[in-house]
Structures are given as structure tokens and as C-alpha cells.
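Observations on the model geometry
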Amino acid sequence: MAKLKTGRHTSALKAHRQSERHAQSNLQVRSRIRSIARKVEAAVGRKDATEAKKFLNEAFSLWDKAAKTGLIHHRAASRKKSRLAQHVGRLSAAKA
């Protein structure tokens, strides 16, 4: 990239570069959250309660961190955590 002249748009160019980096980072975090949620669902489908609970704890942690940083809304995180916990809870209740 050629050296840019300084001027009134320099800050806009920097902000654009930052937004691209943040978007890439956010995409990775969202992807990781979805992957862990799918692993929980798969474990529930296999009726593997111990593995489902292990992945559920990871998912909770990731959702909480994403909500804390503003990546997703805190109520959306809470809703998703609740729904996933219900699936795992049904699995545990069915075994009892």
C-alpha cells in the first residue's frame, strides 16, 4: 500500500481498518460459540450427559464473554443459555 498523505480523511481510513479487524475477530468468536452449541446438541442427541454438560459450561463461558464485550446482547445470551440448558436438563431428567 502506498504511503498516504495526511489529511482530514486519515482518521476515517484508520477507523475503517480497525472495523475490518474487529469484524474478523467478532466472526471468529461467533463461529466458536456456534460450534460449541452444536457440540452440546450433538451430545444431547447421543444421550451423552457428561459430555453435554462439559460443552454446556464452555458455551456458557463464551456467551457470557461475548455479552460482556457487547458482541451479542446480554438478553440474547441469556436466552440461548437457557434454551440449551433445557435440552441438557431434559436429558438428565430422562435418565433419572
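Above this text is the structure in question.
This section reports on the structure supplied with the text. For clarity, every value in this text was computed on a predicted model and none was experimentally measured. (Residues numbered from 1 in each chain as written. Predicted model: local features only at pLDDT ≥ 70, side-chain atom pairs only at ≥ 80, totals over all residues. Heavy atoms only, no water.)

Quick notes on the overall build of the protein
- A tally of helices and strands in the protein yields three helices and zero strands.
- Mapped from its N terminus to its C terminus, the protein presents α and β elements in the order α-α-α.
- Dimensions of the protein along its principal axes, counting C-alpha atoms only, are 70 × 25 × 15 Å.
- When the 96 residues of the protein are sorted by exposure, 24% land in the buried category.
- Of the contacts formed within the protein by residues at least 6 apart in sequence, a portion of 60% connects residues at least 24 apart.
- Summing over all exposed atoms, the protein offers an accessible surface of approximately 7,300 Å²; the carbon and sulfur share of this is 53%.
- The protein carries 24 positive and 6 negative side-chain charges, and their two centres are separated by 10 Å. (Helix = DSSP H or I, 4+ residues; strand = E, 2+ residues; numbered from the N terminus. Buried < 20%, exposed > 50% of the residue type's maximum accessible area, 1.4 Å probe, protein only. Contact = heavy atoms within 4.5 Å. Areas by Shrake-Rupley, 256 points an atom, 1.4 Å probe, with all protein chains shown as cover. Lys, Arg positive; Asp, Glu negative; His and termini not counted. Charge placed at Lys NZ, Arg CZ, Asp CG, Glu CD.)

Comments concerning unusual backbone geometry
- We note that lysine 47 has phi near 60 degrees; this positive angle belongs to a residue other than glycine.
- Mapped onto the secondary structure, lysine 47 falls in the loop between helix H1 (10-45) and helix H2 (49-68).
- Note on lysine 47: relative accessible area 58%, which makes it exposed.

Remarks on the packing of H2 against helix H3 (residues 74-95)
- At their nearest, the axes of H2 and H3 sit 10 Å apart, and the two run at 170 degrees to each other. The orientation of H2 relative to H3 falls into the category roughly antiparallel. Residues Ala49, Ala52, Lys53, Leu56, Ala59, Phe60, Trp63, Asp64 and Ala67 of H2 form the contact with H3, whose participating residues are His74, Ala77, Lys80, Lys81, Leu84, Ala85, Val88, Leu91, Ser92 and Lys95.
- Class assignment for the residues of the contact of H2 with H3 results in 12 nonpolar, two polar and five charged. (Axes fitted to C-alpha atoms, helices over the stretch in contact; angles between N-to-C directions. Parallel < 35°, antiparallel > 145°, perpendicular 65-115°, else oblique. Nonpolar A, V, L, I, M, F, W, Y, C, P; charged D, E, K, R; others polar.)

Here we look at the environment of glutamine 28
- With respect to the secondary-structure elements, glutamine 28 resides in helix H1.
- Sequence-wise, glutamine 28 and lysine 53 are 25 residues apart; in three dimensions their C-alpha atoms are separated by 23 Å.

Concerning the nonpolar core
- Ranked by size, the top nonpolar core spans 21 residues in total, and within it Val40, Val44, Ala52, Trp63, Leu84 and Val88 carry the most contacts.
- Of all the secondary structure elements, the ones that give two or more residues to this core are H1, H2 and H3.
- Per-element tally for this core: the top contributor is H2, with nine residues.
- Beyond its immediate chain neighbours, meaning those up to four positions away, valine 88 contacts Val40, Val44, Ala52, Lys53 and Leu56. (Core = buried A, V, L, I, M, F, W, Y, C linked by side-chain atoms within 4.5 Å.)

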